[in-house]
Amino acid sequence: MGGSKDCIRYRLFVGSNVVALLLGFVGCSAKDPPGNKSVQNSTVAGENPVHVPAGNENVVQVRNKHFQGTDTENDTNGLFDELAFKKWPVPDFALFITGRQYGFIEPCGCTGLDNQKGGLARRHTLLNNVRQLGWPVFPLDMGNQVRRIGVQAEIKYHMTMEALRELKYQSIVYGPDDLRLTFEELLVEIYPDDEVSPLPYLSANVDLLDFVPRYQVKEVDGRKIGLTAVLGGSHHARVGGGEDVLLIDPQEALDEIWPQLESENCDLYVLLAHASIEESQELARQFRGFSIVITAGGAGEPNYRPEPIEGTDSVLVQVGTKGMYVGLLGFYADSQPRLRYQRIALDAKWKDSPEMIRLLGNYQHQLESMGLQGLQLNPVAHWTGHEFVGTDQCGGCHEQAHEIWLETGHAHATATLVRPPERYEVPRHFDPECLSCHVTGWNSLRHLPYKTGYVDLETSAHLHGNGCENCHGPGSAHVAAEQSEKVVDEDQLNKLRAEMRLTLGNARESCMKCHDLDNSPDFAQEESFDRYWEEIAH
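A short tour of the structure in this document, coming up.

Procedures and definitions
- Residues numbered from 1 in each chain as written.
- Predicted model: local features only at pLDDT ≥ 70, side-chain atom pairs only at ≥ 80, totals over all residues.
- Heavy atoms only, no water.
- Patch = residues over 30% accessible without salt bridge, like charges linked within 9 Å, V, L, I, M, F, W, Y side chains within 5 Å.
- Areas by Shrake-Rupley, 256 points an atom, 1.4 Å probe, with all protein chains shown as cover.
- Salt bridge = Lys/Arg side-chain N within 4 Å of Asp/Glu carboxyl O.
- Lys, Arg positive; Asp, Glu negative; His and termini not counted.
- Charge placed at Lys NZ, Arg CZ, Asp CG, Glu CD.
- Helix = DSSP H or I, 4+ residues; strand = E, 2+ residues; numbered from the N terminus.
- Core = buried A, V, L, I, M, F, W, Y, C linked by side-chain atoms within 4.5 Å.
- Buried < 20%, exposed > 50% of the residue type's maximum accessible area, 1.4 Å probe, protein only.
- Contact = heavy atoms within 4.5 Å.
- Phe/Tyr/Trp six-rings, centres within 6.5 Å; stacked < 30°, edge-to-face > 60°.
- Lys NZ or Arg CZ within 6 Å of the ring centre and 35° of its normal.
- Right-handed = clockwise from strand over helix to strand, strands pointing away.
- Pairing = 2+ DSSP bridges.
- Axes fitted to C-alpha atoms, helices over the stretch in contact; angles between N-to-C directions.
- Parallel < 35°, antiparallel > 145°, perpendicular 65-115°, else oblique.
- Left-handed = near helix turned anticlockwise from the far one by under 90°.
- Nonpolar A, V, L, I, M, F, W, Y, C, P; charged D, E, K, R; others polar.
- Disulfide = S-S within 2.5 Å.
- 1 Å grid on protein atoms, 1.4 Å probe; cavity = no way out; pocket = protein on both sides within 12 Å on 5 of 7 lines; lining within 4 Å.
- Points joined across faces, edges and corners; volume = space filled by probe spheres on them.

## Description of a negative patch on the surface
A cluster of acidic side chains, namely E526, E527, D530, E534 and E535, defines a negative patch on the protein surface. Mapped onto the elements of the fold, E527 is located in the loop between α16 (504-511) and α17 (528-536).

Structure representation (structure tokens):
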């Protein structure tokens, strides 16, 4: 991806008070206004909405009166019905809120797709489900499509942009990691083009040579939405800026554009803040015309409901991380409650969209055509200075350990990329982010091959699978000494043997290089290592 025009293109009325805004979050029953197509409310069938204790009577949650928790993992009675939005009255429009993909265009899949959330294929299916209700839908994204830099990150960014075009997104925000891409790569997606329309990015304080509008006024089915976006000041140092990317203080930028936006007399004003929760809340206090502040702050799962922002009539909506959740917010201008909200997990109940699976396949084909050299992944020397020889060489002496390995998933790790057990239509054996834990001889944290490590299926048949040397280190010197190809004394021989040993006490750290929270979410739990170890003990 070179960034030129001919490169391959992978490419939320200020309320009178908080009651009016929050009453419908996560669906409180309300009298349907005349003319609405639905007479149902969004409470769980057979249950009444339960008001939280005095002092919080502004917030209503769809839940059973006996329910005390907030953890969906313990929700065995359908207390948080993620499909409750289908019972809403028809809104004037619905905001479909996503963001912070961090490169996860699909879940890793290593622990089974049923156990993981997220991905563009599921997002598209959910969006289609909402549109099929006949609602005017306004998709917006809070940015940070990628989290790395380099050619593969550029390809992934453009592929995501093509997906957002396919899904007809109306507003997109820059995250700090997006802005670490080259200016040319960013420009490709916002420059007016005869073949592909520029994407609807906006930012009050990120200036890319005047190509990015500072705010938007969108009319949806006769209602006007006023939106603007900011990149939080805490992220500016990460981006750096420069001659092509000018970063402005968020408050100064909003001081400049708010009078213009306010003059548009919109039905709803939304601030998209790719900023910490604290900074997002402070901006809401400074600019109280925004009824809704959507933030990219916070860690892990987003809250079940928007939170009132102290000192304002505004509420805060979180998007979560890794694109695992969608926030659906319905707006009702002429009825109470004015807003309804549902947090929806992109889990296995949302089937794969064929269009997005096709895009994922194109992405993998492009990685294949680029090759490691085209992706600028130049092999690096292993810190020991030794070379990789393959697991069969280890098995010559360590026969029992080798036989055990052959019966584990580690031995078949490469094969699962060639013929994936799920989403089998898309092989992934040319994807460095997958190869790094599914072959032998790669740096799994940097997604880089080591010299003499795996190159491809044919050349590196001896390095298929996640082999011994990934944990114990490259074995060339050890093998040469044991086979008398290199003359060493007893002290040197014992030293080489000691270098290859990995104690059980240190093994957990080694395993977590691949079995991390993204790929093996339960691995960090207490006693999980012991359970995993039983499967490969040698």
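## What about the nonpolar core?
In this structure, Y174 and L208 are the most contacted members of the largest nonpolar core, which totals 56 residues. Of all the secondary structure elements, the ones that give two or more residues to this core are β4 (93-98), α2 (120-131), α3 (151-166), α4 (183-188), β7 (206-208), β10 (245-247), β15 (325-331) and α8 (354-374). With 8 residues, α3 is the largest single contributor of residues to this core. Not counting chain neighbours up to four residues away, the residues in contact with Y174 comprise Y157, L179, L186, I190, Y201, V206, L208, V212, L231 and H274. By size, the runner-up hydrophobic cluster in this structure holds 26 residues, among which are L95, I225, L329 and F331.

## Topic: the packing of aromatic side chains
Going through the model one piece at a time under the given rule, you end up with 8 aromatic pairs. Ring centres 5.7 Å apart and planes at 5° place the aromatic pair W88 and W135 in the stacked group. Placement of W88 in the loop between β3 (60-61) and β4 and of W135 in the loop between α2 and β5 (137-141) is noted, with a sequence separation of 47 residues between them. W135 shares its class with W88; the two are buried. An aromatic cluster is defined as three or more aromatic residues linked by ring pairs; in this entry it consists of F85, W88 and W135. In this arrangement the basic side chain of R340 is found over the ring face of Y332, its NZ or CZ atom lying 5.3 Å from the centre. Lying across the ring of Y304, R343 places its NZ or CZ 4.1 Å from the centre.

## Considerations on the pairing of strand β12 (residues 292-295)
Residues I292 and I294 of β12 are buried on one face, and the alternating residues V293 and T295, pointing to the opposite face, are buried as well. The parallel pair strand β11 (residues 268-274) and β12 is bridged by helix α7 (residues 277-286), and the resulting crossover is right-handed. When β12 meets strand β14 (residues 315-318), the two strands line up parallel, connected through 4 bridges. Looking at β14, one finds that I292 is bridged to V315.

## Re the packing of helix α6 (residues 250-262) against α7
It is at 11 Å that the axes of α6 and α7 come closest, and there the two elements cross at 30°. As judged from the angle between their axes, α6 and α7 are roughly parallel. The interaxial crossing formed by α6 with α7 has right-handed handedness. Residue-level inspection shows P250, Q251 and L254 of α6 in contact with α7, the latter providing E279, L283 and Q286. Looking at side-chain class alone, the contact of α6 with α7 contains 3 nonpolar, 2 polar and 1 charged residues.

## Examining the state of the cysteines
Using the criterion set out here, one finds 1 disulfide in the structure. Between the sulfur of C437 and that of C514 lies a disulfide, 2.0 Å long from S to S. Every disulfide takes its handedness from the sign of the S-S torsion; for C437 and C514 that torsion is -100°, giving left-handed. In this pair, C437 sits in helix α12 (residues 432-438) while C514 sits in the loop between α16 and α17, placing the two residues 77 residues apart along the sequence. The buried category is assigned to C514, whose relative accessible area is 17%. We note that C511 lacks a disulfide partner, and the nearest cysteine sulfur, in C471, lies 5.6 Å from it. Look at C511 and you get buried, because its relative accessible area is 18%.

## As for the layout of surface pockets
Unoccupied space between atoms shows up once a probe the size of one water molecule is rolled over them. In this structure, the second largest pocket spans a volume of roughly 860 Å³. Taken together, 32 residues line the second largest pocket, and the ones lying closest to its centre are A401, C468, H472, M500 and H538. Sorting the residues of the lining of the second largest pocket by element identifies α9 (391-395), α10 (399-406), α13 (468-472), α14 (476-482), α15 (490-500), α16 and α17 as the ones contributing at least two each. With 4 residues, α10 is the largest single contributor of residues to the lining of the second largest pocket. Here the lining of the second largest pocket is built from residues that sort into 15 nonpolar, 14 polar and 3 charged.

## Observations regarding the pattern of salt bridges
Within the structure shown, the criterion is met by 20 salt bridges. The residue E433 makes a salt bridge to R148 at a minimum N-O spacing of 2.6 Å. Here E433 is found in helix α12, whereas its partner R148 is found in the loop between β5 and α3, with 285 residues between them in sequence. Classification of R148 as partly exposed rests on a relative accessible area of 22%.

These values are about where atoms sit, not about what they do.
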